[in-house]
Amino acid sequence: MMWRLAACTVLLLLLRSLTELPWPLLSAATCALYLVSGGRSYLGIFLKTIGRDVHAAGVLLKVKLNVKRNLKLSNTVPKIFHEVVQRHPDKTALIFEGTDTRWSFRDLDEYSNRVANYFHQQGYGTGDVVALFMESRNEYVGLWLGMAKVGVEAALINFNLRMDALAHCINISRAKAIVFGGELNTALKEIHQLLGKSMYLYCSGEWNASVVLPGTENLDPLLEASSTHPPPSLQNRGFTDRLFYIYTSGTTGMPKAAIVVHSRYYRMAALVYYGYRMRADDIVYDCLPLYHSAGNIVGVGQCLLHGLTVVIRKKFSASRFWDDCVKYRCTIVQYIGEICRYLLSQPVRAVERQHCVQMALGNGLRPSIWEDFTSRFHIPQVAEFYGATECNCSLGNFDNKIGACGFNSRILPFVYPIRLVKVDEDTMELIRGRDGVCIPCKPGEPGQLVGRIVQNDPLRRFDGYVNESATTKKIAHDVFKKGDAAYLSGDVLVMDDYGYMYFRDRTGDTFRWKGENVSTTEVEGTLSRILGMADVVVYGVEVPGVEGKTGLAAIADPNNQIDLETFYRDLQVVLPPYAWPVFLRILAAVSKTGTFKFQKTDMRKEGFDPRVIKDRLYLLDPKQQKYVPLTEEVYKNIQSGKQKL
């Protein structure tokens, strides 16, 4: 009896710090909580979740107080990093696995100062944008960090992109210059005519004067000659100003540039650090691309803001993963769901149990392989989370609940203003009650995750995208109550009786494959173009034992004119590998609505089953490097897991 009253009192004090509710209302709410918790159903919920909820409320309080302090001091990510450097300048900050290069915090600070001073001397300043197009390595962090020191905003470009998509991402950022890795010189040469004529080019890393575009500067010697002293201090840059741009696949069209401000970078990294109880001596293994928020904010953010050592790998390798972890004595590894599956598919080796990893941090680990992953590799804690670069409704699985991507309190749900709301399963449109407000889901009911927007609160604000119309599409009104605004995640989740959230699906025209979000509209347009403007419908289909959804392209070919060998060759030029359709469905015509929109709902339900579909079906065979007929026997082998994709 007394401990329950004490717990409620603790929650009352935390609530007062986290909300603007008056004391009388909070006291009434806490008394009601105390009474309700004595009921049969809520007593079990209370006992099960009180420890979890108090920890989460404490994390929110700590992050909120830190945010207020940073706002008051007009702090930025570079300023916070400077404080870290002062605490332990000689501690290892970054290790690049490719060359075993180790940078101390002083090294990273001095390199970023060189970057800042050089670009400042070249006339770049507050609000200017520079595109960063290179593979992951220590210099990648130093480049965008150095730019931020003088107010220059980096546009972090996916190094897998090619042709139109690559040119689009650079152009919409309004970048004045591009810093690219020498390894990506060919990709840049392919699109140079699509870029602005006044675009300055800087090459870092591999340098070959005979193959780079005319006018390209070799950046590395220029930085060597630049000063390591701190650049001139910025007087007009604060915690809510723009830091850089991360591109996210939308439900329509090309990738969108999501705006990341300094406070968002801090919030994402800090909630992970405090929520999962990280320690200053932890070493993080980051094999995720640094153009993504998972690799650059959740991972590298622990180095810049909290002083952890981060091991950067250029690209994920399933065969070298555990060797690296042992070599660098990593205590935390980052993953996306696909990585866990790839690791499980590797032959059993002794090294996979010789590591000192205590936590796997990431998102997308399927419940079906969750326990296999933790037991085989002896991982004590899975720190699964949910979140997108631009969202204000991130979730965290702080207490190792199998299968959950996070939770929201059932006892005091208003502390963290997120909600699952009902949607039409076919159109994914929000369902509203008679009062015009969205209908919240009950436990067990799938719904779209939304988060209330409060623009003057860094924890609740939505910064959107460079494209204003794209920003507008992610905002709904009258969601929690009349007159409010909320961020639409575009994802369907389901909540259990204890408030744990489980990922179900993505709404709209985006599916996740090989750790990347694939925009079906973008792929449809690209395939249609290389097929002479044929009607093409792209969607994701579920495959047993495979993370995410696999791409299927339904192509209208009434006259049987498609040459699949030519199609495959063209595909490799215009799309990154993760966007290639694994399945093809060749049909006479694609059904359309009266407004000429493709009808793909029925096709999506049919999947790729040749027993149901009478159209020609093909499977991309990576060994033969071509599309082969999808027979019933091949289909059965895929379903049983005998044939891998």
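Since we're looking at a predicted model, the values are computed, not measured.

(A) Examining the overall build of the protein chain more closely. Scanning the protein chain from N- to C-terminus turns up 19 helices and 28 strands. Computed over its C-alpha atoms, the radius of gyration of the protein chain comes to 25 Å, within 12% of the 26 Å expected for a compact globule of 645 residues. The principal-axis extent of the C-alpha atoms belonging to the protein chain is close to 75 × 65 × 55 Å. Scored against the burial criterion, the 645 residues of the protein chain give a buried share of 57%. Taking as baseline every contact in the protein chain between residues at least 6 positions apart, the subset at least 24 positions apart corresponds to 69%. As displayed, the protein chain offers around 27,500 Å² of accessible surface, 51% of which is attributable to carbon and sulfur atoms. Positive and negative side-chain charges in the protein chain, numbering 76 and 66 respectively, have mean positions lying 5 Å apart.

(B) Representation of the environment of lysine 62. Examined against the element boundaries, lysine 62 turns out to sit in helix H3 (residues 40-72). Exposure remark for lysine 62: the relative accessible area of 40% places this residue in the partly exposed category. Remark: the alpha-carbon pair of lysine 62 and proline 78, spanning 16 residues in sequence, is separated by 21 Å.

(C) Broad picture of helix H7 (residues 163-172). Turning to H7, its buried residues number three or more, namely Ala165, Leu166, Ala167, Cys169 and Ile170. In the core, the buried residues of H7 are packed alongside strand S3 (129-133), strand S5 (177-181), helix H8 (185-191), strand S8 (242-248) and helix H16 (520-530). Taken from the residues just after H7, arginine 174 is the one with a positive phi, measuring 60 degrees.

(D) Focus on the state of the cysteines. Enumeration according to the criterion identifies zero disulfides in this entry. Left unpaired, cysteine 287 is separated from the closest cysteine sulfur, that of cysteine 325, by 8.0 Å. On the accessibility criterion, cysteine 287 (3% relative accessible area) is buried.

(E) Spotlight on the side chain of threonine 331. Looking at the element boundaries, threonine 331 is found in the loop between helix H12 (321-327) and strand S12 (332-336). Polar side-chain contacts of threonine 331 include one of 2.8 Å to the side chain of aspartate 282. Leave out the neighbours within four places in its chain, and threonine 331 touches Asp282, Ile283, Cys356, Val357, Gln358 and Met359.

(F) Summary view of the pattern of salt bridges. Under the defined criterion, the tally for this structure stands at 24 salt bridges. With a shortest N-O distance of 3.5 Å, glutamate 183 and arginine 137 are connected by a salt bridge. Taken as a pair, glutamate 183 in the loop between S5 and H8 and arginine 137 in the loop between S3 and helix H6 (138-149) lie far apart in primary sequence, 46 residues in all. Here arginine 137 falls in the buried class, since its relative accessible area comes to 12%. Among the ionic pairs, arginine 585 bridges to glutamate 606, the shortest N-O distance being 2.8 Å. Of this pair, arginine 585 sits in strand S26 (residues 583-587) while glutamate 606 sits in helix H18 (residues 601-606), and the two are 21 residues apart along the sequence.

(G) The arrangement of the side chain of serine 528 in detail. Secondary-structure assignment places serine 528 in helix H16. Residue classification places serine 528 among the buried residues on the basis of a relative accessible area of 11%. Leaving out residues up to four positions away in the same chain, serine 528 has contacts with Met533, Ala534 and Val536.

(H) Here's a closer look at empty space enclosed by the protein. Counted under the stated rule, the structure contains two cavities of 30 Å³ or more. Its boundaries defined by the atoms lining it, the largest cavity holds a volume of some 70 Å³. What lines the largest cavity is simply Ala318, Ser319, Trp322, Leu343, Gln346, Pro347, Arg349, Val351, Glu352 and Arg376. Phe511, Trp513, Val518, Val523, Val538, Gly551, Tyr578, Ala579, Trp580 and Pro581 together form the lining of the second largest cavity. Split by residue class, the lining of the second largest cavity holds nine nonpolar, one polar and no charged.

(I) Up close: the packing of H6 against helix H11 (residues 293-306). At a minimum axis separation of 12 Å, H6 and H11 run at an interaxial angle of 80 degrees. Taken together, H6 and H11 sit at an angle that is classed as roughly perpendicular. Contacts between H6 and H11 involve Tyr140, Val141, Trp144 and Leu145 from the first element and Asn296, Val300 and Leu304 from the second.

(J) The pairing of strand S18 (residues 447-452), seen in detail. Counting buried residues in S18 gives five out of six residues, a clear majority hidden from the surface. Bridge count for strand S17 (residues 418-421) against S18 is four bridges, and the pairing is antiparallel. Counterpart to valine 421 in the pairing with S18 is glutamine 448. With five bridges connecting them, S18 and strand S20 (residues 485-495) associate as antiparallel partners. Its bridge partner lying in S20, arginine 452 is registered against alanine 486.

(K) Seen up close, helix H17 (residues 564-574). Those residues of H17 not exposed but buried are Leu564, Phe567, Tyr568, Leu571 and Val574. Buried residues in H17, looked at end-on, bunch into an arc of 135 degrees, giving them a common side. Check the buried side of H17 and you find it contacts H7, H16, strand S25 (550-556), S26, strand S27 (616-621) and strand S28 (626-629). Taking the backbone nitrogen of glutamate 565 as reference, a side-chain oxygen 3.1 Å away marks aspartate 563 as the first, capping residue of H17.

(L) Local environment of the pairing of S28. Summarising the sheet, S27 and S28 pair through four bridges and their orientation is antiparallel. Its bridge partner lying in S28, leucine 620 is registered against tyrosine 627. Hairpin connection of S27 to S28: four residues between the antiparallel strands, including glutamine 625 at a positive phi of 55 degrees.

(M) Seen up close, unusual backbone geometry. In this structure, serine 74 takes a positive phi of about 55 degrees despite not being glycine. Position of serine 74 relative to the elements: it lies in the loop between H3 and helix H4 (77-87). Positive phi, close to 50 degrees, is recorded for methionine 163, a residue that is not glycine. Mapped onto the secondary structure, methionine 163 falls in helix H7.

(N) Main features of the sheet that holds strand S15 (residues 395-396). The sheet built from eight strands is open, its strands ordered S2-S1-S11-S10-S12-S13-S14-S15 with mixed pairing. The open sheet has two free edges, formed respectively by strand S2 (101-104) and S15, since each of these has just one partner strand.

(O) Up close: the nonpolar core. One finds Trp144, Tyr265 and Leu304 to be the most contacted residues of the largest nonpolar core, which totals 177 residues. Beyond its immediate stretch of four places on either side in the chain, tryptophan 144 contacts Val77, Leu132, Ala154, Leu156, Leu243, Phe244, Tyr265, Asn296 and Leu304. Among the nonpolar cores identified, the runner-up in size contains 29 residues, and Val311, Phe321, Phe373 and Phe377 belong to it.

The rules behind each value
- Residues numbered from 1 in each chain as written.
- Predicted model: local features only at pLDDT ≥ 70, side-chain atom pairs only at ≥ 80, totals over all residues.
- Heavy atoms only, no water.
- Helix = DSSP H or I, 4+ residues; strand = E, 2+ residues; numbered from the N terminus.
- Rg over C-alpha atoms; globule rule 2.2 N^0.38 Å.
- Buried < 20%, exposed > 50% of the residue type's maximum accessible area, 1.4 Å probe, protein only.
- Contact = heavy atoms within 4.5 Å.
- Areas by Shrake-Rupley, 256 points an atom, 1.4 Å probe, with all protein chains shown as cover.
- Lys, Arg positive; Asp, Glu negative; His and termini not counted.
- Charge placed at Lys NZ, Arg CZ, Asp CG, Glu CD.
- Disulfide = S-S within 2.5 Å.
- Polar contact = N/O pair within 3.5 Å; in protein donor to acceptor, adjacent residues only side chain to side chain.
- Salt bridge = Lys/Arg side-chain N within 4 Å of Asp/Glu carboxyl O.
- 1 Å grid on protein atoms, 1.4 Å probe; cavity = no way out; pocket = protein on both sides within 12 Å on 5 of 7 lines; lining within 4 Å.
- Points joined across faces, edges and corners; volume = space filled by probe spheres on them.
- Nonpolar A, V, L, I, M, F, W, Y, C, P; charged D, E, K, R; others polar.
- Axes fitted to C-alpha atoms, helices over the stretch in contact; angles between N-to-C directions.
- Parallel < 35°, antiparallel > 145°, perpendicular 65-115°, else oblique.
- Pairing = 2+ DSSP bridges.
- Arc of directions from axis to C-beta.
- Core = buried A, V, L, I, M, F, W, Y, C linked by side-chain atoms within 4.5 Å.

Function cannot be read off these values alone, since they describe shape.
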